[in-house]
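# Topology and contacts: notes
Below are the chains, spelled out letter by letter.
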Amino acid sequence: MSESTTEQLRHTEESEFAAFVAIDWADQEHAWALQDAGNGRREQGKLAQMPEAIEAWATGLADRFQGRPIAVALEQARGALVYALSKYKHLVLYPIHPSTSSKYRAAMFPSGAKDDPKDAELLLELLLYRRNRLRALQPDTSSMRQLQVLVEKRRQLVNQKTAFTNRITDQLKQYFPQILQWFDDVDSPLVTAFLQCWPTLQHLQAATAEQILALLHRHNSRSQARNQQRLEQIPKARPLTLDAAIVGPARLMVETRLELVQVLRTGITKLEKQIEQICAEQPDFAIFNSFPGAAKALAPRLLAAFGSRRERYTSASQVQTYSGIAPVISRSGKSVWIHARHTCPKFLRQTFHEYAAQSLGACHWARAFYDKQRAKGKGRHAAIRSLAFKWIRILFRCWQDRVPYSEQRALERRAPRPAPSEKTVEFVWQSVVEFSKFSIEGS
């Protein structure tokens, strides 16, 4: 975000808005409702989802209210409308979660009636009377926002590749299951090349040992014991079925999906190169890259999760709550139910959850904490969420103080200390990974 935009947002927090606008988003045309802060008069209208129409509408508001800030509520934090409105400095966007507006509408209209202009009015009421519960959209710098999109898109491609790989596995089980025994990764370039050369067991058994070894060596499969085992098993293998009605379609589906996996693999590589380039330009990348287990995939995601605006979060608990890692407490009468948070940015929660799981093999205290949680009877994912809750505190402090992670400090902080003496008690600040905690020591 530019310095001028940051100053404008800070100024807005200290000044009154000239007007309040709510937009009920739609694919082609949006309904909007406006209230003038000066006279309280309300207006309604329609806005076409066209760049020219949006620009005319936004600049018209700037002229009408002499460039003073205008609060705008809408039901999305991303999307074409948000991207279009974000470039106007006089518009301060307040994203409202769709479930919030939906439940508010159900409370106001129990009959289930729905109307776009009415929905805009309800959003306007939330903006006017519940603005203290909303957070203005404060986007990061351009490069950081690009990184945030890239890491999420990369994960989407990985998920698609995994889905196609699972379908390939399912098809191979129907006519060529031996491939799953001879190779560990179905989505590897080796298996792709292998099946392109020999799509069925009959084709493979017609090949010579020299041809098979040559292909294996070209793809760096050079384990003599493993290759010899494959060569011995190939002649002895028997087809699961010879029914052309089964083999023919399954073979075509495998070939088609292998091509799709190749395309996805290429796309993932391109995204990873762009991610690497952007991370090299970010001064905070060294902080997140220092965390155990972050590595090539998760360090950029952790950087994107926190962003570049340190004023966005005032405490680690805000990150824990917003990301969905912090649990929710539901109380009713004498019953108390603590459960995982459902409404949250799913990719952000997934980032912290996956990092905590990855840290188990790279951090001793993290593994010990996880094992202790499991010993208490917690399930795997509940234990990982508890670990992620702790990691966020450390990540947040390192990010705020601009210091890399130190395993030694973490171990020193977790080491047991003697109990305080009754005669002399000293209040001290203990440091763990560059953040302080008030404690008591005895002498």
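In case you missed it, the structure is sitting above this.
Reference entry: report on the structure contained in this document.

What counts as what
Residues numbered from 1 in each chain as written. Predicted model: local features only at pLDDT ≥ 70, side-chain atom pairs only at ≥ 80, totals over all residues. Heavy atoms only, no water. Core = buried A, V, L, I, M, F, W, Y, C linked by side-chain atoms within 4.5 Å. Buried < 20%, exposed > 50% of the residue type's maximum accessible area, 1.4 Å probe, protein only. Contact = heavy atoms within 4.5 Å. Axes fitted to C-alpha atoms, helices over the stretch in contact; angles between N-to-C directions. Helix = DSSP H or I, 4+ residues; strand = E, 2+ residues; numbered from the N terminus. Parallel < 35°, antiparallel > 145°, perpendicular 65-115°, else oblique. Left-handed = near helix turned anticlockwise from the far one by under 90°. Phe/Tyr/Trp six-rings, centres within 6.5 Å; stacked < 30°, edge-to-face > 60°. 1 Å grid on protein atoms, 1.4 Å probe; cavity = no way out; pocket = protein on both sides within 12 Å on 5 of 7 lines; lining within 4 Å. Points joined across faces, edges and corners; volume = space filled by probe spheres on them. Nonpolar A, V, L, I, M, F, W, Y, C, P; charged D, E, K, R; others polar. Salt bridge = Lys/Arg side-chain N within 4 Å of Asp/Glu carboxyl O.

### Digging into the nonpolar core
With 80 residues, the main nonpolar core has Phe291, Phe352 and Trp391 as its most contacted residues. If sequence neighbours within four positions are ignored, Phe291 has contacts with Tyr355, Trp391, Ile394, Leu395, Cys398 and Tyr405. With 22 residues, the next largest nonpolar core counts Trp57, Val82, Ala84 and Leu91 among its residues.

### Focus: the packing of helix 6 (residues 142-175) against helix 14 (residues 295-306)
Across the interface, helix 6 lies against helix 14 with an axial gap of 9 Å and an inter-helix angle of 135 degrees. As summarised for this structure, helix 6 and helix 14 are arranged oblique, according to the angle between their axes. By crossing handedness, the relation of helix 6 to helix 14 is classed as left-handed. Seen from helix 6, the contacting residues are Met144, Leu147, Gln148, Val151, Arg154 and Arg155; seen from helix 14, they are Ala297, Pro300, Arg301, Leu303 and Ala304.

### Details of the packing of aromatic side chains
For the structure on display, the rule yields 18 aromatic pairs. Aromatic pair Phe291 and Trp391: ring centres 5.9 Å apart, planes at 70 degrees, arrangement edge-to-face. Placement of Phe291 in the loop between helix 13 (285-289) and helix 14 and of Trp391 in helix 18 (residues 380-401) is noted, with a sequence separation of 100 residues between them. Accessibility classification places Phe291 together with Trp391 in one group, the buried group. Both rings, one in Tyr355 and one in Trp391, keep their centres 5.3 Å apart while their planes meet at 70 degrees; by these two values the pair is edge-to-face.

### Side note on empty space enclosed by the protein
Scanning the entire structure with this criterion turns up two cavities of 30 Å³ or more. Within this model, the largest cavity holds a volume of roughly 50 Å³. What lines the largest cavity is Asp24, Glu75, Ser101, Tyr104, Arg105, Asp119, Leu122, Leu123 and Leu126. Secondary structure elements with two or more residues in the lining of the largest cavity: helix 4 (98-108) and helix 5 (116-129). For the lining of the largest cavity, the element with the highest residue contribution is helix 5, accounting for four residues. Of the residues belonging to the lining of the largest cavity, the class tally is four nonpolar, one polar and four charged. There is about 30 Å³ of room inside the second largest cavity.

### Topic: the pattern of salt bridges
One pass over the structure, following the stated rule, counts 15 salt bridges. Of the charged contacts, one joins Glu43 and Arg64 as a salt bridge, the two residues approaching to 2.5 Å between their closest N and O atoms. Of this pair, Glu43 sits in strand 3 (residues 42-48) while Arg64 is found in helix 2 (residues 51-64), placing the two residues 21 residues apart along the sequence. Close ionic contact of Arg309 with Glu311 constitutes a salt bridge, the shortest N to O distance being 2.8 Å.

Purely geometric numbers; function is a separate question.
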